[in-house]
Amino acid sequence: MIYAYDKLYLSVAQKNLACMLDYMVNNLKYPLETAWQWFCMSNTASRFERGDCSIVAGRSGVEIAYEVLRETGKPHPKQTPSYSYNRSPEYWIGWALAYYQWSTSLSFAEINQAIPVTEVRMLYTPYHEMDIRQFVDKMNELYREAKPETNLKELRTFANLSQSELAQQSGVSVRTIQQYEQRRKGINKAQTETLLKIARVLVCKVEDLVEKVPM
């Protein structure tokens, strides 16, 4: 398993994303879906995904919120955060999604496209009382349902190539390509040479072929 960044920063990253979302929704009164969309589209999210320590650990959740609002050109009135004794659902959503992004290396935008934050909100009960790994399992299940096609098939289709054409141009057998696309054989366990051959034809990176969510 390849994680998005060093686990050393994970706990503080979870806390900061949790505080950011809680602050934007419960203090600044932005709708959950709107606040999360702004974050996913921001450069701040890209830096967070890479584990940029100046973002995940060098700023508070409130400071991250202000940075997102600045990037999106939205007003950001100064307001003291008021956290309740019992953490809000929005706090949990940010905390849990930070962990899920770290564990899968998916971008926040990819996650949100497959599983909208409003759907994650519906998982609050009972998952906020469960082990985070059970939340990850549920998210993986939802992600697979939303994205049934493999990255290989999507990239091949985008390149307007049939399986036979890809096989001929890459030197990888049709049967192997079929097995990868049907998930009868895991592409994540393919030899680097095989992935490089396919990637050259599809004009993509080897990492683009890898399935980040277990199938």
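Residues numbered from 1 in each chain as written. Predicted model: local features only at pLDDT ≥ 70, side-chain atom pairs only at ≥ 80, totals over all residues. Heavy atoms only, no water.

(A) The overall build of the chain, seen in detail. What the chain contains, in helices and strands, is 15 helices and 0 strands. For the chain, the spread of C-alpha atoms along the three principal axes comes to 60 × 35 × 30 Å. Taking all 215 residues of the chain together, 48% fall into the buried category. A separation threshold of at least 6 residues defines the contact pool for the chain, and within that pool the share at least 24 residues apart is 70%. Split by element, the accessible area of the chain, about 11,400 Å² in all, is 49% carbon and sulfur. The distance from the centre of the 26 positive side-chain charges to the centre of the 24 negative ones in the chain is 2 Å. (Helix = DSSP H or I, 4+ residues; strand = E, 2+ residues; numbered from the N terminus. Buried < 20%, exposed > 50% of the residue type's maximum accessible area, 1.4 Å probe, protein only. Contact = heavy atoms within 4.5 Å. Areas by Shrake-Rupley, 256 points an atom, 1.4 Å probe, with all protein chains shown as cover. Lys, Arg positive; Asp, Glu negative; His and termini not counted. Charge placed at Lys NZ, Arg CZ, Asp CG, Glu CD.)

(B) How the structure looks around helix 5 (residues 61-72). Its 12 residues place the ends of helix 5 17 Å apart at the C-alpha level, agreeing with the 16 Å of an ideal helix rising 1.5 Å per residue. Here the buried face of helix 5 lies against helix 1 (10-27), helix 2 (32-41), helix 3 (43-49) and helix 4 (53-56). Of the residues flanking the end of helix 5, it is Gly73, one or two places downstream, whose phi is positive at about 75 degrees. (Expected span 1.5 Å × (residues − 1).)

(C) Local environment of unusual backbone geometry. With omega at 15 degrees, the peptide bond leading from Thr125 into Pro126 counts as cis. Inspection of the secondary structure puts Pro126 in helix 9 (residues 124-127). Even without glycine at this site, Arg183 takes up a positive phi of about 60 degrees. Residue position: Arg183 is located in the loop between helix 13 (174-181) and helix 14 (192-202).

(D) How the structure looks around the nonpolar core. Grouped together as the largest cluster of nonpolar side chains are 53 residues, with contacts concentrated most on Phe48 and Phe135. Ignoring anything within four residues of it in the chain, the contact list for Phe48 reads Tyr5, Ala13, Leu17, Phe39, Ile55, Val56, Ile64, Ala98 and Phe108. Ile177, Ile187, Ala199 and Cys204 belong to the second largest nonpolar core, which has 16 residues in total. (Core = buried A, V, L, I, M, F, W, Y, C linked by side-chain atoms within 4.5 Å.)

(E) The arrangement of the environment of Arg70 in detail. Examined against the element boundaries, Arg70 turns out to sit in helix 5. As for Arg70 and Leu123, which are separated by 53 residues in sequence, their C-alpha atoms are 30 Å apart. Within the local environment of Arg70, its side chain forms a polar contact with the side chain of Glu67, the two groups lying 2.5 Å apart. (Polar contact = N/O pair within 3.5 Å; in protein donor to acceptor, adjacent residues only side chain to side chain.)

(F) Inspection of the environment of Ala65 at higher detail. By secondary structure assignment, the location of Ala65 is in helix 5. Residues Ala65 and Leu166 lie 101 residues apart in sequence; the distance between their C-alpha atoms is 45 Å. Excluding residues within four positions of it along the chain, Ala65 makes contact with Met20, Tyr23 and Met24.

(G) Spotlight on the pattern of salt bridges. The tally for this structure, following the rule as stated, stands at 10 salt bridges. With a closest N to O distance of 3.0 Å, Arg133 and Asp131 form a salt bridge. Measuring nitrogen to oxygen at the nearest pair gives 3.8 Å for the salt bridge that ties Glu193 to Lys197. Pair noted here: Glu193 and Lys197 are both in helix 14, with a separation of 4 residues, about one helical turn. (Salt bridge = Lys/Arg side-chain N within 4 Å of Asp/Glu carboxyl O.)

(H) Expanded view of the packing of helix 6 (residues 89-104) against helix 10 (residues 132-146). Running from amino to carboxyl end, helix 6 crosses helix 10 at an angle of 70 degrees, the nearest separation of the two axes being 10 Å. The angle between the axes of helix 6 and helix 10 places the two elements in the roughly perpendicular class. Here Trp92, Trp95, Ala96, Leu97, Tyr99, Tyr100, Ser103 and Thr104 of helix 6 come into contact with helix 10, specifically with Ile132, Arg133, Phe135, Val136, Met139, Asn140 and Tyr143. For the contact of helix 6 with helix 10, the per-class residue count stands at 11 nonpolar, 3 polar and 1 charged. (Axes fitted to C-alpha atoms, helices over the stretch in contact; angles between N-to-C directions. Parallel < 35°, antiparallel > 145°, perpendicular 65-115°, else oblique. Nonpolar A, V, L, I, M, F, W, Y, C, P; charged D, E, K, R; others polar.)

(I) Inspection of the packing of aromatic side chains at higher detail. Taken as a whole and judged by the stated rule, the model has 12 aromatic pairs. Ring centres of Tyr30 and Trp38 lie 4.9 Å apart, and the angle between their planes is 75 degrees; this geometry places the pair in the edge-to-face category. Both residues of the pair, Tyr30 and Trp38, count as buried. Taking 5.7 Å as the distance between ring centres and 65 degrees as the angle between the ring planes, the aromatic pair formed by Phe48 and Phe108 counts as edge-to-face. (Phe/Tyr/Trp six-rings, centres within 6.5 Å; stacked < 30°, edge-to-face > 60°.)

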